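Residue-level listing of the chains:
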Amino acid sequence: MAEKVCCPGPIGGNNGNSAGGFREAVCVHTKKVYDSCRSKECLRDIRVYLTRDAQELINAGGIASVKPREAELLCVSIDVERIQFNRGFYSVDIRFFYRIECEISCVIGRPRIVDGLAVFDKRVVLFGGEGGARIFSSQYIEDGRDVQLRPDSNKPTAVVEVVDPIMLDARVVAPETSCNCCCCALHEVPRSICSCFGGDDLVLSNDGYQLFVTLGQFSIIRLERDIQLLMPAYDVCLPRRDCSNSGVGGEQDPCEIFSSFDFPIDAFFPPQSDKAGCLFTGSAGVNDNRSGCGCSCSNNNSCSGNNSCR
């Protein structure tokens, strides 16, 4: 039975046969996942805060139908706080920002595409371990003063992985049947989120008709913490692909280069799914590969107002 390795350095003989072929034990600094969870949620009846033109359209009435088109995740704001009287556990508060696009058909006229902002809040409790050390680093910052980085604590870091949600349903609600309480309304929006709507104001008031959507969302949430681990190493990681004399700046037969290309079979015969049938039979979203917008979700960088996003 191999001897337990407790410190960095060479293992066994020259080939490390005494430890399963490992050459040496190395100490690496990495992030360890202390706790994680996965989520499959149906977000029912989330209000969409429309742009001013879209709000005026639905307020005019005469709407025949509302068709969901696309839901795009713009940004995720994350806040991690320690839970009192429960050592090692942390609450992770998450706010998702979505750009919602729907097609509204009126009794008279052609269908119109409207978009707006939807927000969903979620809280989970995960184990993140304990640590009271303060971390200092001399990492170089380009174009900055030659000083150390600001000290930080080894508080766990929350990571949220999420894909764009699936649009399941959309409907317009009359003012007299909607919830107009202040606790449900959105009062401020980060400026970077506002810029994702082409500079149009977002109507945050509860006056007039309101658009609600239902989304299906998959996400993974985890807590990570910096840690040093002792890892086995086989050998140095030497690249195996040779890029010498690659023809850059020199002459090389173009037909010889082309002969090394594989025939693009998938371009002529698209691969078929192993599973027959449809996994989802609801309204299909339209993906126009529109680029997302940056996010800077902070209280000091927000646009607020009673009726609009300024």
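Cut-offs and rules
- Residues numbered from 1 in each chain as written.
- Predicted model: local features only at pLDDT ≥ 70, side-chain atom pairs only at ≥ 80, totals over all residues.
- Heavy atoms only, no water.
- Helix = DSSP H or I, 4+ residues; strand = E, 2+ residues; numbered from the N terminus.
- Buried < 20%, exposed > 50% of the residue type's maximum accessible area, 1.4 Å probe, protein only.
- Contact = heavy atoms within 4.5 Å.
- Areas by Shrake-Rupley, 256 points an atom, 1.4 Å probe, with all protein chains shown as cover.
- Phe/Tyr/Trp six-rings, centres within 6.5 Å; stacked < 30°, edge-to-face > 60°.
- Lys NZ or Arg CZ within 6 Å of the ring centre and 35° of its normal.
- Core = buried A, V, L, I, M, F, W, Y, C linked by side-chain atoms within 4.5 Å.
- Arc of directions from axis to C-beta.
- pLDDT = per-residue confidence, 0-100.
- Pairing = 2+ DSSP bridges.

## A look at the overall build of the chain
For the chain, the helix and strand inventory stands at four helices and twelve strands. Across the 310 residues of the chain, 32% fall into the buried class. Long-range contacts, defined as pairs at least 24 residues apart, comprise 80% of the intrachain contacts of the chain with a sequence gap of at least 6. Accessible area of the chain: about 21,100 Å², with a carbon and sulfur share of 50%.

## Observations concerning the packing of aromatic side chains
All chains considered together, the criterion is met by four aromatic pairs. Ring geometry for phenylalanine 96 versus tyrosine 98: centroids 6.2 Å apart, planes at 10°, classification stacked. Taking relative accessible area as the criterion, tyrosine 98 reaches 0% and is therefore assigned buried. Measuring from centroid to centroid gives 6.1 Å for phenylalanine 96 and phenylalanine 120, while their planes differ by 25°, and the two rings are stacked. One end of the pair, phenylalanine 96, is in strand β4 (residues 89-106); the other, phenylalanine 120, is in strand β5 (residues 112-127), and 24 residues separate them in sequence. The class of phenylalanine 120 is buried, set by a relative accessible area of 17%. Each residue in the set Tyr34, Phe89 and Phe127 is aromatic and connected to the rest through ring pairs, giving one cluster. The positively charged end of lysine 32 is found above the aromatic ring belonging to tyrosine 34, 5.2 Å away from the centroid. Residue placement shows arginine 225 over the ring face of tyrosine 34; its charged tip is 5.9 Å from the ring centre.

## Describing the nonpolar core
One recurring pattern in soluble globular proteins: nonpolar side chains tend to sit buried together. Ranked by size, the top nonpolar core spans 34 residues in total, and within it Val92, Tyr98, Ile100, Cys102, Val213 and Leu215 carry the most contacts. If you list the elements that add at least two residues to this core, you get β2 (24-50), α1 (52-59), β3 (63-82), β4, β5, β8 (157-162), β9 (166-173) and β11 (210-233). Per-element accounting of this core gives the leading share, nine residues, to β4. Setting aside residues up to four positions removed in sequence, cysteine 102 forms contacts with Val66, Lys67, Pro68, Arg69, Arg112, Ile113, Val114, Met167, Ala170, Leu211 and Val213.

## Points about α1
Along α1, the residues classified as buried are Ala54, Gln55, Leu57 and Ile58. Looking straight down α1, one finds its buried side chains confined to an arc of 160°; they lie on one side. Summarising the contacts, the buried residues of α1 are in contact with β2, β3, β4, β5 and β11. Directly beyond the C-terminal end of α1, a positive phi value near 80° is found at glycine 61.

## Overview of the confidence of the model for the chain
In the predicted model, the chain carries a mean pLDDT of 77, and the fraction of residues at 70 or more is 71%. Low pLDDT, under 50, characterises residues 296-302; the predicted model gives this stretch 14 contacts beyond four residues in sequence or across chains.

## Some points on the pairing of β2
The sheet contact formed by strand β1 (residues 9-10) and β2 spans two bridges and is antiparallel. The partner of proline 10 across the bridge, within β2, is glutamate 24. Sheet analysis places β2 next to β11, joined by 22 bridges and oriented antiparallel. Residue pairing across strands places serine 36 opposite arginine 222, the latter belonging to β11. Sheet topology places β2 next to β5; three bridges connect them, and they run antiparallel. Each residue of the ladder has a partner; that of tyrosine 49, found in β5, is leucine 117.

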